[in-house]
Amino acid sequence: MGGTQEWSRPARPRRPVRTGLLLGGFGVGLCLVGVAGLALWNVQVVMQANGPVRETADGFFHEVSAGDTDQAYERLCRDTRSRWSEVGFGSWLRTPPQVSGYEITDVSISTLRGRPRATVTVRVTRDGGASEERKLPVIQENGKWRVCGDPF
């Protein structure tokens, strides 16, 4: 009887743990690549939209200040045109004090639920010299940027 027998536990293979860690790391890496791709797509949409959004707002206010209300009405989105008739919109714009000038001070573009939206900040000058700052909402509709909401 003399000696004590040492008990040893059989070694477990480490392959399942190593495989699990590899698969988990691969999954995390794949998620990071997806998030980076989505962020890059959003940045690309925003950067490409800055020029057309500014052109839409500039054209709209140029037409309003020139008194060309028919062309300005065509730049409105479907929702805004459903609330205003062309005649009503024109008479509203001709109500004193009329817009005599404008300056675009900022263009801000973001995405909401994957759809680009923009807000253009404009300093509007009215007859008599009074000026005010307005936020002009602009949305993309059928591939074109349109003024949407109450611009004044």
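See the structure above.
Computed from a prediction, not measured in an experiment: that's the story for all the values here. (Residues numbered from 1 in each chain as written. Predicted model: local features only at pLDDT ≥ 70, side-chain atom pairs only at ≥ 80, totals over all residues. Heavy atoms only, no water.)

1. Overview of the packing of aromatic side chains
Next, step 1: Counted by the stated rule, this structure contains seven aromatic pairs.
Next, step 2: Between the aromatic rings of Phe-60 and Phe-89, the centroid separation amounts to 6.5 Å while the plane-to-plane angle is 45°, which identifies the pairing as tilted. Placement of Phe-60 in helix α1 (residues 15-66) and of Phe-89 in helix α4 (residues 86-93) is noted, with a sequence separation of 29 residues between them.
Next, step 3: By relative accessible area, Phe-60 is classed as buried at 0%. (Phe/Tyr/Trp six-rings, centres within 6.5 Å; stacked < 30°, edge-to-face > 60°. Helix = DSSP H or I, 4+ residues; strand = E, 2+ residues; numbered from the N terminus. Buried < 20%, exposed > 50% of the residue type's maximum accessible area, 1.4 Å probe, protein only.)

2. Here's the deal with α4
Next, step 1: Inspection of α4 places Phe-89, Gly-90 and Leu-93 among the buried residues, and these make up the whole buried set. An end-on view of α4 places all buried positions within 95° of arc, on one side of the element. (Arc of directions from axis to C-beta.)

3. Quick notes on the nonpolar core
Next, step 1: Counting residues in each nonpolar core, the largest one holds 22 residues, and the members touching the most others are Val-53, Phe-60, Phe-89, Val-120, Leu-136 and Val-138.
Next, step 2: Among the elements of the structure, α1, α2 (69-74), α4, β1 (99-112), β2 (115-126), β3 (131-141) and β4 (144-147) are those that each provide at least two residues to this core.
Next, step 3: Looking at which element gives the most residues to this core, the answer is α1, with five residues.
Next, step 4: With residues up to four places along the chain from it excluded, the contact list for Val-120 reads Val-53, Ala-57, Ile-104, Asp-106, Val-107, Arg-134, Lys-135, Leu-136 and Val-138. (Core = buried A, V, L, I, M, F, W, Y, C linked by side-chain atoms within 4.5 Å. Contact = heavy atoms within 4.5 Å.)

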